[in-house]
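The residues making up each chain are set out below.
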Amino acid sequence: MGVLDIVPTGVLTGQNVVKLFEYARENKFAIPAINVTSSSTANAVLEAARDIKAPIILQVSQGGSAYFAGKGLANDKQQASILGAIAAAHHIRTVAKEYGVPVVLHSDHCAKKLLPWFDGMLEADEEYYKQHQEPLFSSHMLDLSEEPKEENIAICAKYYERMAKLGLWLEMEIGITGGEEDGVDNTGVDNAALYTQPEDIFEVYDALHKIGNGFSIAAAFGNVHGVYKPGNVKLSPDILGNHQKHVAEKIGKPGEQPLFLVFHGGSGSTKEEIATAVSNGVVKMNVDTDTQFAYLAGIRDFITKKKDYLQSQVGNPEGEDKPNKKFYDPRVWVREGEKTLSARVKEACRDLGNVDRL
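Conventions we followed
Residues numbered from 1 in each chain as written. Predicted model: local features only at pLDDT ≥ 70, side-chain atom pairs only at ≥ 80, totals over all residues. Heavy atoms only, no water. Phe/Tyr/Trp six-rings, centres within 6.5 Å; stacked < 30°, edge-to-face > 60°. Helix = DSSP H or I, 4+ residues; strand = E, 2+ residues; numbered from the N terminus. Buried < 20%, exposed > 50% of the residue type's maximum accessible area, 1.4 Å probe, protein only. Lys NZ or Arg CZ within 6 Å of the ring centre and 35° of its normal. Core = buried A, V, L, I, M, F, W, Y, C linked by side-chain atoms within 4.5 Å. Contact = heavy atoms within 4.5 Å. Salt bridge = Lys/Arg side-chain N within 4 Å of Asp/Glu carboxyl O.

> I'd like to hear about the packing of aromatic side chains, residue by residue, with values.
Evaluated as defined, the whole model comprises 8 aromatic pairs. With a centroid separation of 4.9 Å and 55° between ring planes, the pair formed by F21 and W169 is classed as tilted. In this pair, F21 is assigned in helix 1 (residues 15-26) and W169 in strand 6 (residues 169-174), connecting sequence segments 148 residues apart. Given the relative accessible area of 3%, F21 is considered buried. Overall, the relative accessible area of 3% leaves W169 in the buried class. Ring geometry for F118 against Y159: centres 5.0 Å apart, planes inclined by 75°, an arrangement best described as edge-to-face. Separated by 41 residues along the polypeptide, F118 in helix 5 (residues 115-132) and Y159 in helix 6 (residues 149-164) bring together distant segments of the chain. Grouped by ring-pair contacts, the aromatic residues F21, W169 and F260 constitute a single cluster. One Lys or Arg, K250, reaches over the ring of F202 and ends 5.0 Å from the middle of that ring.

> Break down the nonpolar core for me, with residues and values.
Among the nonpolar cores identified, the biggest contains 80 residues, and I56, L58, I92, V103, F137 and I217 are the most heavily contacted of them. Once residues lying within four places of it in the same chain are set aside, the contact partners of I56 are I31, P32, V45, L46, A49, P102, V103, V104, V345 and C349. The next biggest cluster of nonpolar side chains, apart from the first, holds 17 residues, and it includes V17, L20, F21 and A24.

> Lay out the pattern of salt bridges in plain terms, naming residues and giving numbers.
With the rule as written, the count across this model stands at 20 salt bridges. Here E47 ties to R335 by a salt bridge, and the two come within 2.9 Å at their closest N and O atoms. Separated by 288 residues along the polypeptide, E47 in helix 2 (residues 39-52) and R335 in helix 12 (residues 330-351) bring together distant segments of the chain. On the accessibility criterion, E47 (17% relative accessible area) is buried. Note that D51 and K346 form a salt bridge whose closest N and O atoms lie 3.2 Å from each other. Of this pair, D51 sits in helix 2 while K346 sits in helix 12, and the two are 295 residues apart along the sequence.

Have a look at this one:
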């Protein structure tokens, strides 16, 4: 049995998202979540998933959403981020089904100061639900890990009550992911905050499970955003197994894995660390830093190789009257970035065991 025996192609919502993550957890693989900032990057990710026959997660950050709408738009009240996220969602919904793979459409880290962005997306979900009986997105993330634990859990529960009515999955974070990403800087946090305690995980589970079964937890186990030399970041993915065991025993189901866990700050991780995380119930791993560089690489290499054809519209080594349009046309050089991005997404899927899963 494969994924398409339990869920359809295209953007998933409601219990189909739950079924997908349950299948991943049971079959010991995880799905990479790739940040997209344009139709070009979104299409390249979908192309990779199609080629290796795998479900995929596409996600937008607050800054990435604003970029999708256009950097020329004002964003003082998160209006560009809201508009861009909605535009990205509609684009992905329009094309996803044609790629023949299940897609989870997600919004990434939302800190407390960015809640107006979250509110705008949720309002769009509610409007879409009125017309289509499902939300616009598959899932959203609240990252209130910098707030006191009690406030973090209370706000997540409040939003999840509203989201569960629409069939929206909630991802929350407890414990801090170090490093810096998209304007949120945790480079100076206390090292102890990078490792979540099992008791905290149970408090989250206890609060959210009373509302619904469609939620995941990004528990910190030394994670750091960005990419670093091996050994510079101390990951302890075995901690995740302790979380599963603690919650399972608390709810009277020893030996089970009741949690859906998320791996943040995964760029530069070893294959062994990834395998351990997946074996302990990680069903989603964020990949952004590596795919950003991969997108650049194809464009960079093309421009380096063809630089003598990119100095003017007419005139190149083949003749001073030779046109260069077939080299400077964005559809040519942007496509080279799409190819290398797509290749890196396939690599992420292979690392997570997410190949030939349809």
